[in-house]
Amino acid sequence: MFENTTHLIAAQEPIVSVKPIAVPSNARGTALQLRISAPTSGTDLPVILFSHGFGESMDGYGPLTDWWASHGFVVLQPTYLDSRSVGLTDEDPRRAGIWRQRANDAIRILDHLGEILDTVPGLRERTDTTRIAAAGHSFGGQTTGILLGLGVVDPDTGDIVYSPDERVRAGVLMATAGRGSDLSPFAAEHFPFMNPVFDRMTAPALVVLGDKDDSPLSTRGPDWSADPYTDSPGEKHLLTLHGGEHSLGGIPGYDVRETTDENPAMVRQLRETAAAFLLHALHLDDTHWESAQRSLSGNGTDLARMESKQ
């Protein structure tokens, strides 16, 4: 898909990754750390802020993030407080507000983007900091959605909390939560903050689901993860991966315990379609996105199909 392009590196380019990078966060109680990855060449590079799923860390999702970096994106991967690597106990008072802390961490990273880029010599000069997108998997999809305008019903007050960031111009939400009214009893008890409201999520977004992702968090089945597409206004696209379970073919990593549906071809489809969408949404290139829409519309292919709305 990405041959002969002016905005993505045509052939896979070597990348450089630096970790851990500490971001000032005195009120957080635990250092905010992230990994940054970027191609070793190229200029005017757009940025992807990637949010991991519940319990994961900056060390995961290489099948996505390394590939995006090798094809022309600067990828930021924070480790949020729910990561197993942080080791918060169930009794830690920060657990209840983890959804809000994630959004605060993401915004803090953007506030310090210049200093973060400076950790890789010359990268600040090669990065276009006006073109920022977000992407996230599972709980990271909700974090991404918040930056795009998604609201969360605060389980303590019942108020809808909105924390959009206008610096984030588009996003990719993968295998993420739908309406809170369809939470399973277990999820409603343990994850009451998975209660999103999509009425103000106006930024362009690609929503991705696996049609075999029968999440125990919902009583609805796989189409629960389509709610960010169906319920939000503005330009939205829904990519359905045939046979995809929650790992969507192995995006957290091919040999990790979360991957129950290993399928490298599915991962390739997802990461290339996402990259094409982000180039389109960031007003860099429409060629690859138009090609993806032609091949995936209608009945699509054996791997995937896509529908869109404005």
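Placed above this text is the structure.
Residues numbered from 1 in each chain as written. Predicted model: local features only at pLDDT ≥ 70, side-chain atom pairs only at ≥ 80, totals over all residues. Heavy atoms only, no water.

Asker: It is not clear to me how empty space enclosed by the protein should be interpreted in this structure. Could you clarify?
Answerer: Empty space among the atoms becomes apparent when a probe as large as a water molecule is rolled across them. Enumeration according to the criterion identifies one cavity of 30 Å³ or more in this entry. Roughly 40 Å³ of volume is contained in the largest cavity. Lining the largest cavity we find Trp 99, Arg 100, Ala 103, Ile 146, Val 161 and Ser 163. Here the lining of the largest cavity takes three residues from helix α2 (residues 98–111), the largest share from any one element. (1 Å grid on protein atoms, 1.4 Å probe; cavity = no way out; pocket = protein on both sides within 12 Å on 5 of 7 lines; lining within 4 Å. Points joined across faces, edges and corners; volume = space filled by probe spheres on them. Helix = DSSP H or I, 4+ residues; strand = E, 2+ residues; numbered from the N terminus.)

Asker: Quick question: what am I supposed to make of the pattern of salt bridges here?
Answerer: It is possible for side chains of opposite charge to pair when their charged atoms get near one another. All chains considered together, the criterion is met by 19 salt bridges. A salt bridge links Glu 258 to Arg 84; the nearest nitrogen and oxygen atoms lie 2.8 Å apart. With a gap of 174 residues between them, Glu 258 in the loop between β11 (236–241) and α8 (264–281) and Arg 84 in the loop between β4 (74–79) and α2 connect regions that are remote in the sequence. Judged by relative accessible area, which is 44%, Arg 84 ranks as partly exposed. For the salt bridge of Arg 100 with Asp 154, the shortest nitrogen-to-oxygen distance reads 2.7 Å. (Salt bridge = Lys/Arg side-chain N within 4 Å of Asp/Glu carboxyl O. Buried < 20%, exposed > 50% of the residue type's maximum accessible area, 1.4 Å probe, protein only.)

Asker: Looking at this structure, how should I read the nonpolar core?
Answerer: Generally speaking, soluble globular proteins have nonpolar side chains that are buried together. Core analysis: the biggest nonpolar cluster contains 49 residues, and Ile 36, Val 74, Leu 76, Ile 109, Ile 116 and Leu 123 have the highest contact counts within it. Residue contributions to this core peak at seven residues, all from α2. With residues near it in sequence (within four places) discarded, Leu 123 still touches Ile 36, Ala 38, Leu 45, Val 74 and Leu 117. If you look at the next biggest cluster of nonpolar residues, it comprises 38 residues, including Ile 48, Phe 73, Met 174 and Leu 296. (Core = buried A, V, L, I, M, F, W, Y, C linked by side-chain atoms within 4.5 Å. Contact = heavy atoms within 4.5 Å.)

Asker: Please clarify how the packing of α8 against helix α9 (residues 287–296) should be interpreted in this entry.
Answerer: When two helices pack together, you describe them by how their axes are tilted relative to each other and by the distance separating the axes. Closest axis-to-axis distance for the α8/α9 pair is 8 Å, and the angle between their directions is 130°. Relative to α9, α8 is oriented oblique. Our pair here, α8 against α9, has a crossing hand that is left-handed. Contacts from Gln 269, Thr 273, Ala 276, Phe 277, Leu 279 and His 280 in α8 reach His 288, Trp 289 and Leu 296 in α9. Along the lines of polarity and charge, the residues of the contact of α8 with α9 split into five nonpolar, four polar and no charged. (Axes fitted to C-alpha atoms, helices over the stretch in contact; angles between N-to-C directions. Parallel < 35°, antiparallel > 145°, perpendicular 65-115°, else oblique. Left-handed = near helix turned anticlockwise from the far one by under 90°. Nonpolar A, V, L, I, M, F, W, Y, C, P; charged D, E, K, R; others polar.)

Asker: Help me understand α9, please; the structure alone is not making it clear to me.
Answerer: Along an α-helix, residues three or four apart share an orientation, since each turn contains 3.6 residues. For α9, the full list of buried residues reads His 288, Trp 289, Ala 292 and Leu 296. End-on view of α9: buried residues confined to an arc of 100°, all on one side of the axis. Counted as exposed and oriented over 90 degrees from the buried face of α9: Thr 287 and Arg 294. Next to the buried residues of α9 lie β10 (205–210), β11, α8 and β12 (304–309). Gly 298, located one to two residues past α9, shows a positive phi value of around 65°. (Arc of directions from axis to C-beta.)

Asker: Sorry if this is basic, but what is going on with the layout of surface pockets here?
Answerer: Considering only enclosed or pocket space, the largest pocket measures out at about 580 Å³ in volume. Considering the residues around the largest pocket, the lining is formed by 28 residues, among which Phe 54, Ser 138, Ser 215, Leu 217 and His 246 are closest to the centre. A class-by-class count of the residues in the lining of the largest pocket yields twelve nonpolar, nine polar and seven charged. Space inside the second largest pocket adds up to approximately 270 Å³. If you trace the second largest pocket, you find it lined by Phe 54, Asp 90, Arg 95, Ala 96, Ile 98, Pro 155, Asp 156, Glu 189, His 190, Phe 191, Pro 192 and Phe 193. A class-by-class count of the residues in the lining of the second largest pocket yields seven nonpolar, one polar and four charged.

Asker: What exactly am I supposed to notice about the packing of aromatic side chains here?
Answerer: The full count for this structure, using the stated rule, is eight aromatic pairs. Where Phe 277 meets Trp 289, the ring centres are 5.4 Å apart and the plane angle is 65°; that geometry is what we call edge-to-face. One end of the pair, Phe 277, is in helix α8; the other, Trp 289, is in helix α9, and twelve residues separate them in sequence. Using a relative accessible area of 0% as the deciding quantity, one classes Phe 277 as buried. For Trp 289, a relative accessible area of 2% gives the class buried. (Phe/Tyr/Trp six-rings, centres within 6.5 Å; stacked < 30°, edge-to-face > 60°.)

Take it as geometry only, folks, not as evidence of what the structure does.
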